[in-house]
Amino acid sequence: CEPSPMWSTASMTSSPNKVRPAVIVLASLGMAYPFAVFLLLGRVPAGALVAAALALAAGRLAAIRRSAAARLLVPVLCLVLAATAVSGLADAHAAALAYPVLMSLGMAAAFGLSLLYPPSLVESLAALAEPAPPPAARAYMRTVSLVWGVFLTTNAALSAATAWLGDVRLWTLYNGLISYGLMGALFAGEYAVRRRIRSREGVA
């Protein structure tokens with residue numbers, strides 16, 4: 001899948017009132033991309049789908065360029081744009097299927113790099129709500145960043161496997177439904193853990 005919820009969070013940290021409509025549109029288009037590929041691949045030139053993927057990535061780049069996490073997300077998106085364009089020139093069919101893989105790998109790289117060059121990506125995204133978190137909170141946010149990095153790396157591997165198998169139905173099922181379900185479960189699980197920790201520490 002394309003990690004739309006994380007891009008959305010990054011986008012909204014800068015100016016929620018202005019960015020939110022664009023974020024919703026981009027997230028919706030990103031979630032619709034696998035189904036568009038399923039319906040249109042073979043009916044329209046594969047290059048048109050690659051162009052749509054490039055437009056999505058460019059839209060996200062525009063949405064997050066002033067966010068708190070831009071220092072990592074902007075380079076990652078530029079790499080995704082370049083890799084998608086180059087692979088599209090080599091094999092448009094494969095590039096259309098590879099786009100979710102590249103997005104997941106890009107986000108995994110952003111999380112990983114943020115652990116090497118703090119603050120962690122989760123801390124950057126939370127900067128407006130909690131600009132000076134205590135050491136324990138920073139440690140927790142580093143752990144969450146690590147979990148997301150591992151998840152997105154695994155997600156990219158599974159997405160690549162569905163593309164390699166060449167079954168567009170299976171690719172669409174995973175990238176359009178299953179991976180988003182897993183992502184939602186991870187969001188919900190992390191939120192539940194965070195609430196429990198804050199409740200135990202007496203924080204509302």
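Cut-offs and rules
- Residues numbered from 1 in each chain as written.
- Predicted model: local features only at pLDDT ≥ 70, side-chain atom pairs only at ≥ 80, totals over all residues.
- Heavy atoms only, no water.
- Core = buried A, V, L, I, M, F, W, Y, C linked by side-chain atoms within 4.5 Å.
- Buried < 20%, exposed > 50% of the residue type's maximum accessible area, 1.4 Å probe, protein only.
- Helix = DSSP H or I, 4+ residues; strand = E, 2+ residues; numbered from the N terminus.
- Expected span 1.5 Å × (residues − 1).
- Polar contact = N/O pair within 3.5 Å; in protein donor to acceptor, adjacent residues only side chain to side chain.
- Contact = heavy atoms within 4.5 Å.

Some remarks on the nonpolar core
- Counting residues in hydrophobic clusters, the biggest one holds 39 residues, and the most contacted among them are Tyr 33, Tyr 99 and Leu 121.
- Top element by residues in this core is helix α5 (residues 92–116). It accounts for 10 residues.

Side note on helix α7 (residues 135–165)
- For α7, spanning 31 residues, the distance from its first C-alpha to its last is 45 Å, which sits close to the expected 45 Å at 1.5 Å a residue.
- Along α7, the residues classified as buried are Ala 137, Met 141, Val 144, Ser 145, Trp 148, Gly 149, Phe 151, Leu 152, Asn 155, Ala 156, Ser 159 and Thr 162.
- Gly 166, located one to two residues past α7, shows a positive phi value of around 80 degrees.

Some thoughts on the environment of Leu 29
- Within the secondary structure, Leu 29 is located in helix α2 (residues 16–40).
- Take Leu 29: its relative accessible area is 46%, and that puts it in the partly exposed class.

Digging into the side chain of Thr 162
- With respect to the element layout, Thr 162 can be found in helix α7.
- Its relative accessible area of 8% is what places Thr 162 among the buried residues.
- At 3.5 Å, the side chain of Thr 162 and the side chain of Asn 175 are in polar contact.
- Leaving out residues up to four positions away in the same chain, Thr 162 has contacts with Asp 167, Leu 170, Trp 171, Tyr 174 and Asn 175.

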